[in-house]
Amino acid sequence: MPAGAADPGNGRAPYEGERSVGELFAAATADLSALVHDEIALAKAEIRADVKRGVTGGVSLGVAGVVALAAIPMLSFAAAYGLQALGLTLGWSFLIVGGAYLVLAALLGLLAMRSFKKIEKPRRTIEGAQATADVLKNARPRPATKEEIDRALGRIP
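The structure reproduced in this document is the subject of the present report. Everything numeric here is computed off the predicted structure, so don't read it as measured data.

**What about the pattern of salt bridges?**
Turning to step 1, where the next piece is worked out: For the structure on display, the rule yields two salt bridges.
Turning to step 2, where the next piece is worked out: We note a salt bridge from Arg-124 to Glu-46, for which the minimum N-O separation is 3.0 Å. Of this pair, Arg-124 sits in helix H3 (residues 123–138) while Glu-46 sits in helix H1 (residues 21–84), placing them 78 residues apart in sequence.
Turning to step 3, where the next piece is worked out: For Arg-124, a relative accessible area of 44% translates into the label partly exposed.
Turning to step 4, where the next piece is worked out: We classify Glu-46 as buried; its relative accessible area is 11%.
Turning to step 5, where the next piece is worked out: A salt bridge links Asp-50 to Arg-53; the nearest nitrogen and oxygen atoms lie 2.7 Å apart. Here Asp-50 and its partner Arg-53 are both found in helix H1, three residues apart, which amounts to about one turn of the helix.

**Thoughts on a nonpolar patch on the surface**
Turning to step 1, where the next piece is worked out: A contiguous nonpolar patch, built from Leu-32, Leu-35, Val-36, Ile-40 and Leu-136 and spanning about 390 Å² of accessible area, is present on the exposed surface.
Turning to step 2, where the next piece is worked out: The leading source of residues in the nonpolar patch is H1, at four residues.
Turning to step 3, where the next piece is worked out: Locating Ile-40 in the fold gives a position in helix H1.
Turning to step 4, where the next piece is worked out: For Ile-40, a relative accessible area of 42% puts it in the partly exposed group.

What counts, and where the lines are drawn
- Residues numbered from 1 in each chain as written.
- Predicted model: local features only at pLDDT ≥ 70, side-chain atom pairs only at ≥ 80, totals over all residues.
- Heavy atoms only, no water.
- Salt bridge = Lys/Arg side-chain N within 4 Å of Asp/Glu carboxyl O.
- Helix = DSSP H or I, 4+ residues; strand = E, 2+ residues; numbered from the N terminus.
- Buried < 20%, exposed > 50% of the residue type's maximum accessible area, 1.4 Å probe, protein only.
- Patch = residues over 30% accessible without salt bridge, like charges linked within 9 Å, V, L, I, M, F, W, Y side chains within 5 Å.
- Areas by Shrake-Rupley, 256 points an atom, 1.4 Å probe, with all protein chains shown as cover.

Note that every value here comes from positions in space, so none of it alone points to a role or purpose.
Here you go:
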């Protein structure tokens, strides 16, 4: 009989070094609690990395918006001066500057999209949680016998 296994027929106390059912249950509960805490810590670490990527993308998108807003007055001035002088004069130069701002805004927008596409699901956390759930689904405790219950409650010495 393996160490720690109770023999319901002889009513003996566990040998020295063997753990009781209560001790085994307490150890299993502590291990399960530690596993859950470790999975939560892993999820926090993975999500923290994705949040940093999201913040970078958000800042880039915000800067792109500010640059695009700055291009509106430039393009307005360029259009006004361009209509005044139908050649390549001061107005056309404003138009070129405004176009350069729009190109810059487009590049910053693309940079933001690249940052957002790098955000991933917390893959390792999901895998760990699924593995834990599979183990717990397959764990089938056997019901205690009446004698084991009576012994645990102190009715039988």
